[in-house]
Amino acid sequence: MKKVVKVVAAIIENDQNEILCALRSPEMSLPNMWEFPGGKVEKDEDIYSALVREIDEELSCKIETAELFNDHTHEYETFIIHLLSIKCKIIDGRPLPNEHSTFIWLKRDNLASLKWAPADIPAVEQLLSEKISLLN
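Conventions and cut-offs
- Residues numbered from 1 in each chain as written.
- Predicted model: local features only at pLDDT ≥ 70, side-chain atom pairs only at ≥ 80, totals over all residues.
- Heavy atoms only, no water.
- Pairing = 2+ DSSP bridges.
- Helix = DSSP H or I, 4+ residues; strand = E, 2+ residues; numbered from the N terminus.
- Axes fitted to C-alpha atoms, helices over the stretch in contact; angles between N-to-C directions.
- Contact = heavy atoms within 4.5 Å.
- Expected span 1.5 Å × (residues − 1).
- Buried < 20%, exposed > 50% of the residue type's maximum accessible area, 1.4 Å probe, protein only.
- Arc of directions from axis to C-beta.
- Polar contact = N/O pair within 3.5 Å; in protein donor to acceptor, adjacent residues only side chain to side chain.

How should I be thinking about the sheet that holds strand S3 (residues 34-35) in this particular structure?
Hydrogen bonds along the backbone pair up the strands of a sheet, which may run parallel or antiparallel. Reading across from one edge, S3-S2-S7 is the order of the 3 strands in this open sheet, with antiparallel pairing throughout. One side of each edge strand has no neighbouring strand; the edge strands of this open sheet are S3 and strand S7 (102-107). Where strand S2 (residues 18-23) and S3 come together, 2 bridges link them in antiparallel fashion. Bridge pairing links Leu23 to Trp34 in S3.

So what exactly am I meant to see when it comes to the sheet that holds strand S5 (residues 62-75) here?
Strand order in the open sheet formed by 4 strands is S4-S1-S6-S5, with mixed pairing between adjacent strands. The sheet is open, and its two edges are formed by strand S4 (38-40) and S5, each paired on a single side. Between one strand axis and the next, the sheet turns by 20° as a mean value, whatever way the strands run. Here strand S1 (residues 3-12) runs beside S4; their pairing, made up of 3 bridges, is antiparallel. Among the inter-strand pairings, Val8 is bridged to a residue of S4, identified as Gly39. Set on the sheet, helix H2 (residues 121-129) makes contact with S1, S5 and strand S6 (79-92); between it and S5 the angle comes to about 120°.

I would appreciate a short explanation of the pairing of S6 in the present structure.
Looking along a regular strand, one sees the side chains alternate between the two faces of the sheet. By the bridge criterion, 10 bridges tie S1 to S6 in an arrangement that is parallel. Pairing of Ala9 across the sheet is with Ser85, part of S6. Pairing of S5 with S6 involves 11 bridges; the strand directions are antiparallel. Residue Asn70 lies in a different strand from S6, and its bridge partner there is Ser85. Remark: 3 residues form the turn of the hairpin made by S5 and S6, two consecutive strands paired antiparallel.

Just checking my understanding: could you explain unusual backbone geometry for this structure?
In terms of backbone geometry, most residues other than glycine have negative phi values and most peptide bonds are trans. One non-glycine residue, Asn17, lies in positive phi territory at about 60°. Positionally, Asn17 belongs in the loop between S1 and S2. A positive phi angle, near 65°, is found at Asp44, a position not held by glycine. Relative to the helices and strands, Asp44 resides in the loop between S4 and helix H1 (47-59).

Explain H1 here, please?
Think of an α-helix as 3.6 residues a turn; residues three or four steps apart then line up on the same face. With 13 residues, H1 extends 17 Å between its outermost C-alpha atoms, agreeing within 8% with the 18 Å of an ideal straight helix rising 1.5 Å per residue. For H1, the complete set of buried residues consists of Ile47, Ala50, Leu51, Glu54, Ile55, Glu58 and Leu59. Buried positions in H1, seen along its axis, are confined to an arc of 125° and lie on one side of it. Its side-chain oxygen 2.9 Å from the backbone nitrogen of Tyr48, Asp46 forms the N-cap of H1. Immediately beyond the C-terminal end of H1, within one or two residues, lies Ser60, with a positive phi of roughly 55°.

Purely geometric stuff here, so don't read any function into it on its own.
And the structure:
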């Protein structure tokens, strides 16, 4: 039986209605694919606390979480990922790509131009179908 990994991802939108997209480094699994930043939920940790911790570690900035945006389970060859995407906004600091190769801010109309990690695609599709940001 494949291991199920619970992961949180941040859908961070800025004041220009652009979404933060992170490029996985060549050393990471799924190298050179785009994703929403985040990471694994630790034992006994709630998803919102996990996301705040992960974004602080990965991007060196503080976020405020909003609602759960997308809940999707994707089966990879060697494991299953339960990905919970949460809308957020940055409340302190500027993002720095500590673990990723780089990141970019993209208008939602341009999100489909990137090669996304398969587990992130349902959240991308949901963003593309959304007309306005719920955080503004």
